[in-house]
Structures are given as C-alpha cells and as structure tokens.
Amino acid sequence: MAIVDINAKIPNNVDLVGDRRLQRALEQWQPKFVRWWEELGPSVFARSPVYLRTAVDVGAQGWAHFDHVEMPDYRWGIFLSDPEADRRIAFGDQQGAPVWQEVPGEYRSDLRRLLVVQGDTEPASVEQQRHLGRTAPSQYDLRNLFQVNVEEGRHLWAMVYLLHRYFGRDGRDEADAMLDRHSGDPDNPRILGAFNEETPDWLSFFMFTYFTDRDGKYQLASLRESAFDPLSRTCDFMLKEEAHHMFVGATGVGRVLARTVQLMRDHDTDDVHPHGGINLAVLQKYLNFHYSLSLDLFGAETSTNAANYFAAGLKGRFQEERRNDDHQLSSATRTVPEVVGNAIAEREVSQLAALNETLRDDYREDCRKGLDRWNRTLRDHSVGFELVLPHGGFNRHVGTFKGHRVSPDGRLVDEATWRAAEATWLPTEQDRAHVQALMIGVTEAGRMASWVAPPAQGIHSQPLEFDYVRY
Ligand SMILES: [Fe+2]
Ligand SMILES: [Fe+2]
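Here's what I pulled together on the structure shown here. Worth saying up front: this structure is predicted, and the values here are computed from it rather than measured.

## Focus: the overall build of the protein chain
(1) Moving on: For the protein chain, the helix and strand inventory stands at 11 helices and six strands.
(2) Moving on: For 471 residues, the compact-globule formula gives about 23 Å, and the C-alpha radius of gyration of the protein chain, at 23 Å, lands near that figure.
(3) Moving on: Projected onto its principal axes, the C-alpha coordinates of the protein chain cover approximately 65 × 60 × 45 Å.
(4) Moving on: Across the 471 residues of the protein chain, 43% fall into the buried class.
(5) Moving on: Residue pairs in contact within the protein chain that sit at least 24 positions apart in sequence constitute 69% of those at least 6 positions apart.

Here's what the structure looks like:
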C-alpha cells in the first residue's frame, strides 16, 4: 500500500520525497496555482474558515478529514488509489497484457491530450463559479460550493502530477497552460464549450453539478479503465470526490423543486415567482439548457479518435469489465442517430466507431434517475407536471445535430418554428433575470433563501444550524 505523506509541502501518497526533481518541479508550480486560486477562485469569503473535507488517505476506512479551513490553506494533495496486484489490460488490441507503469512512446501524445482535456475542465468550473458565494442560499450551500471548488482544484493537481511525472518538459508546459486558459476568455478560452459558459446563479450551479459534473463522472470512469495504470488509479480516487459534486446537484435541484411545490400548494397557483419561488416551467428550461450542453461534451456520434483510444487501451467504456462481450468490438455494430434530409434517421456503424455515443447513452440513463426521483416528488404532491429529458438532438452544437433545429420532443423543425418556440424551450433573458432577482445571499446559520427547501440533513452528521462558514 502506498505511504501517505500528509505533512509534506504537497501532501501525497506517490513518494514525492523519493523523486527530488519532480518534487522541485511541482513545488515551483504550486505558487502559480495559489496565485491563480487567489485571482480566479472564490471572489468572496475567500479567507473565511469553511467546514471542508480534505483528502488525507485513500483507504476504505475513511479517506477524508473534516474541519474549518481557510481555503487558501487547503491541503491540495496528490492521491492515487492503491494499485491492484497483477492488473491486466481489460480491452482493446492488448487485452490481457500487464498494464503500463510508464507511458509507451507511441501513445505519448494521445495520453497527454486526454490528460489536458480532462485537466482543463477542473479549474474551468472554479472560474465559472467564482462569484456564486455572494448569493449562496444558505451557509450549508456556500460550504458545498466551496467544497466542490477546492476539490476541482485538487483534480487539477491530479492531472498536473501525471503531466509532470510522465511527460517531461511538454507536460510541465501543459501544466502551466492550464492556468493560462480561462473560462470565457475570448483569446484563450477553456478547451470545451460548456466550460466557457457562465454559471450566473444557483439554479445554474445545481444544474451544472447534476449534468456537467456527471459528464465528468463518465469521462473519469472510462479513463479509470486505462491501461496506463497511474491514470487509472488517479481517476479512481477522483471519482470518490466527484460523487459529492453530483450529490450537490441532485439534492440541489430536488430542494428547489420541493420548495416550488410547497409554494404552489400554499398559494394555490402555478406561478410561484411572486412568492419567491422558481416556476416548474423555468426549471425545465434550465434543465434543457444544461443537459444539451453536457451531451455535447461526449463528442461526435462517431469518432476515429475514440476508436483508436479504445483499441490502444487508453480509454475504455463505462464499467468495461462488467460487460459481456469480447472487449475488442472489431465486428460488433450499433446504430447512431443521423440527420438525413428532413428527417432524423439511424445508421448502423461499428461499435468501435460509436464509443462516444455509447458513453453518452450510459450518461443519459444515469441522468434519467434524477428525473425519476424529482418526478416522484411531483406525483406525491399531485402536481400535474413532469420534468423530461429533451431529445438528444435538441440544442446541440457538436455532432450530427449541429446546425439543425430539433424540438425537445425530437422533431426536426425549421428556423421559424424554432424561433417561435425557443422561449418556451430555453431560458429567456426574463427567466434568467427572475432567477437572478431571487439570488440574495443568506448568511445566518440554518436559514434558507425563499426559493429552496432545506436539505434533509447536514454535512458529516453536523446539524443544519452548524456554522459551516465562519464569516
Ligand atoms: Fe473534477
Ligand atoms: Fe466535479
């Protein structure tokens, strides 16, 4: 089992002291990271003690420590899950061979690219969320926002470690570039579209953590299958932290919904906005927006890169080893959607070519579970409204649907029809302004803003009235 050095300048379980050059290089990157955090991390309460979870180990019997910490003093560390003895490559052309502890020369640039694309998303979301602290609906929520932020910072560390350790000079340059690109920067933006959008309000934040962090889960889960063992172990541990981010999203949206339903009953109306709530139709529009942007993150329906990554053993499928097939996919086929003339059709392609679509399908299934739960709340309160996931072609900017107008129920429509209905499908300026108007920061312990119900329980068995943030 790897030894945890928790008191080192950079806490780690990768024996940094045993590699002085690497340690020095990372210690030179550290102040750049701190400077970035101070410039583009949380813009308010940046020095307030926050009740945070810090990763201190990777073992099954507790890997985290909870205490009040000022965020700049957070112990961002490098932690890889323990190695699996005699681990073998589970898929692709080299299935059955031992996994790699070093990067094979022929896959160097592909692996570097995968690390950079994943790594770039981590600081991007911190930048997107930096102003949300001002309008947190409660101390509990503010604490969760900051928890997500510091952990995304640690995920950047995770990727930067791999770049420094295994990619030499190129890797160090990529690590620096990760702090030079910025979300929404017109000259030097983040790599992926959804990470250049603003997260202007807390409904967006909850939708983002539900839908976009969940894309992260699927990307990390398929990288966990990688034949490059250090990457696999890195992602395995990141997934532990990631689960909380999606919890924040799932319970966040659920609490907004619960509050809306309560206001609908109390005031016997569908329009709860005058009563300080968010209307169900607006929730659905936000959901449409965030879900469709997140679908884009999986890439085009067919992809030669994805096929090559799989064949090479760099990136597998979600839960690769649980699948009952040959894990080679050389002859298997499946269908993918395709726009032909005026219709949405399907075409049959090799499964190898369609791996992005397969991962997107798995993601969709997972997204649906949240909607099932939220819809149960609506049914339990006899509300005649159901949240739905829009069709996969709706509001897409990547792949076969790019440049086409598809309604949420999956009809190919012309531009005029789209224009006429857009305001009922996607958040309008007015919707966003309404939501924004509700965003008034609540700092008193235990109190909640008007538009969101309290959570079922506090963090780490603490009561709801706990001082999660000491202002
Ligand atoms: Fe992350
Ligand atoms: Fe995350």
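## Let's talk about the packing of helix α2 (residues 108–128) against helix α3 (residues 139–166)
(1) Moving on: At a minimum axis separation of 8 Å, α2 and α3 run at an interaxial angle of 155°. Viewed along their axes, α2 and α3 adopt a mutual orientation that is roughly antiparallel. With respect to the hand of their crossing, α2 and α3 are arranged in left-handed fashion. Here L115, Q118, G119, E122, P123, S125 and V126 of α2 come into contact with α3, specifically with N149, E152, G153, H155, L156, M159, V160, L162 and L163.
(2) Moving on: Residue composition of the contact of α2 with α3, grouped by class: eight nonpolar, six polar and two charged.

## Points about helix α6 (residues 229–267)
(1) Moving on: Compared with the 57 Å implied by 1.5 Å per residue over 39 residues, the 57 Å span of α6 between its first and last C-alpha is a close match.
(2) Moving on: Most pronounced at K240, the bend in α6 amounts to some 35°.
(3) Moving on: Looking one or two residues past α6, D268 carries a phi angle of roughly 50°, positive in sign.

## Examining the environment of R154
(1) Moving on: Examined against the element boundaries, R154 turns out to sit in helix α3.
(2) Moving on: A tally of 22 C-beta atoms within 10 Å means that R154 is categorised as buried.
(3) Moving on: Spatially, the C-alpha atom of R154 lies 9.2 Å from that of P123, the residues being 31 residues apart in sequence.
(4) Moving on: If we ignore the near neighbours within four places in the chain, the residues touching R154 are A55, W76 and G77.

## Overview of the environment of F310
(1) Moving on: In this fold, F310 is placed in helix α8 (residues 304–312).
(2) Moving on: Of the residues examined, F310 has 26 C-beta atoms within 10 Å and is grouped as buried.
(3) Moving on: Counting along the chain gives 88 residues from F310 to S222, while the straight-line C-alpha distance between them is 9.8 Å.
(4) Moving on: Every residue in contact with F310, bar those within four places of it in the chain, is listed here: F91, G92, K315, G316, L352 and L355.

## Overview of α3
(1) Moving on: Across its 28 residues, α3 extends 41 Å between first and last C-alpha, which sits within 8% of the 40 Å expected from 1.5 Å per residue.
(2) Moving on: Among the 28 residues that make up α3, 26 are buried, leaving the element largely enclosed by the rest of the structure.
(3) Moving on: Within two residues after α3, G168 carries a phi angle of roughly 55°, on the positive side.

## Some remarks on the nonpolar core
(1) Moving on: Core analysis: the largest hydrophobic core is formed by 102 residues, its most contacted members being V160, Y161, L203, F206, M207, V256 and L283.
(2) Moving on: With 14 residues, the single largest contributor to this core is α3.
(3) Moving on: Other than its neighbours up to four places away in sequence, V160 contacts W29, G119, A175 and M178.

## Some details on the packing of α2 against helix α4 (residues 168–180)
(1) Moving on: Packing of α2 against α4 leaves a shortest axis separation of 9 Å and a crossing angle of 25°. As far as their axial angle goes, α4 and α2 are roughly parallel. Remark: the crossing between α2 and α4 carries right-handed chirality. On α4, the residues that touch R112, V116, G119, D120 and P123 of α2 are D170, G171, E174, M178 and L179.
(2) Moving on: Each residue belonging to the contact of α2 with α4 can be placed in one class, and the counts come to four nonpolar, two polar and four charged.

## Comments concerning unusual backbone geometry
(1) Moving on: With a phi angle near 55°, F45 is a residue other than glycine that sits in the positive phi range.
(2) Moving on: On the secondary structure map, F45 appears in the loop between α1 (20–40) and β1 (49–55).
(3) Moving on: Overall, F45 belongs to the buried group, with 21 C-beta atoms counted inside 10 Å.

## Notes on the environment of A46
(1) Moving on: Along the chain, the position of A46 falls in the loop between α1 and β1.
(2) Moving on: Overall, A46 belongs to the partly exposed group, with 16 C-beta atoms counted inside 10 Å.
(3) Moving on: Considered as a pair, A46 and R130 are 84 residues apart in the sequence and their alpha carbons are 10.0 Å apart.
(4) Moving on: When sequence neighbours within four positions are dropped, the list of residues in contact with A46 reads G41 and M71.

## Description of the pairing of β1
(1) Moving on: Of all seven residues in β1, five are buried; the element is thus mostly enclosed.
(2) Moving on: With seven bridges connecting them, β1 and strand β2 (residues 64–70) associate as antiparallel partners. Across the sheet, A55 pairs through a bridge with A64, a residue of β2.

Each value, and the rule that gives it
- Residues numbered from 1 in each chain as written.
- Chains lettered and ligands numbered in written order.
- Predicted model: local features only at pLDDT ≥ 70, side-chain atom pairs only at ≥ 80, totals over all residues.
- Helix = DSSP H or I, 4+ residues; strand = E, 2+ residues; numbered from the N terminus.
- Rg over C-alpha atoms; globule rule 2.2 N^0.38 Å.
- Buried ≥ 20, exposed ≤ 12 C-beta atoms within 10 Å, placed from the backbone.
- Contact = placed C-beta atoms within 7 Å.
- Axes fitted to C-alpha atoms, helices over the stretch in contact; angles between N-to-C directions.
- Parallel < 35°, antiparallel > 145°, perpendicular 65-115°, else oblique.
- Left-handed = near helix turned anticlockwise from the far one by under 90°.
- Nonpolar A, V, L, I, M, F, W, Y, C, P; charged D, E, K, R; others polar.
- Expected span 1.5 Å × (residues − 1).
- Bend = angle between axes of the 7 residues up to and from the residue.
- Core = buried A, V, L, I, M, F, W, Y, C linked by C-beta atoms within 7 Å.
- Pairing = 2+ DSSP bridges.

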